[in-house]
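# Coordinate inspection notes
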Amino acid sequence: MSTRLEALPHRHVLTLPTMPSAVRTARETAEQALVEWGISARHPTVGPALLILSELVTNSVRHAAMLSPQMTVIYAAGEGCLAFAVHDRHPYQPPLYGAVTDAGGSGLATVMELTLGLGGSAVVRGDADGKGKSIWITLPL
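Figured I'd write up the structure that's included with this text. (Residues numbered from 1 in each chain as written. Predicted model: local features only at pLDDT ≥ 70, side-chain atom pairs only at ≥ 80, totals over all residues. Heavy atoms only, no water.)

## Some details on the pattern of salt bridges
For the structure on display, the rule yields five salt bridges. Two residues, Arg27 and Glu31, come together in a salt bridge whose shortest N-O distance is 3.9 Å. Highlighted residues: Arg27 and Glu31, both in helix α1 (residues 21–36), separated by four residues, approximately one helical turn. Arg27 sits in the partly exposed class, given a relative accessible area of 29%. Assessed through its relative accessible area of 35%, Glu31 is described here as partly exposed. Lys133 serves as the salt-bridge partner of Asp88, at 2.8 Å between the closest nitrogen and oxygen. Of this pair, Asp88 sits in strand β3 (residues 81–88) while Lys133 sits in strand β5 (residues 133–140), and the two are 45 residues apart along the sequence. Pair check on accessibility: Asp88 and Lys133 agree, each one buried. (Salt bridge = Lys/Arg side-chain N within 4 Å of Asp/Glu carboxyl O. Helix = DSSP H or I, 4+ residues; strand = E, 2+ residues; numbered from the N terminus. Buried < 20%, exposed > 50% of the residue type's maximum accessible area, 1.4 Å probe, protein only.)

Have a look at this one:
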């Protein structure tokens, strides 16, 4: 997808402690934002999108909490597009597209299979200082 994220009119940013309760909070916040933006919970992309988001937040909790006591979740939407990112301050940038071919049943493999299956895209964007990253998912609606 080539949608410019800056062009998406709907945005919400949430900062959470990097702990297990963040998964539920991030998901519930996404559900509320989607309703406010007029995106039906019954839209076929919404269920998988919430699972993708939950997996990304879970990965930050499991793998980044020692270096990143907080994480930021960014939600965005516009005509025909839903995007979100999970940002933490751990420097490791996982190879997203390699996760699909790895036989380990990892959460990241699930994220990528769902994203690609929906015709979406995923990208890791490192922080300028090299000490953190955001994983962005963009899905068509």
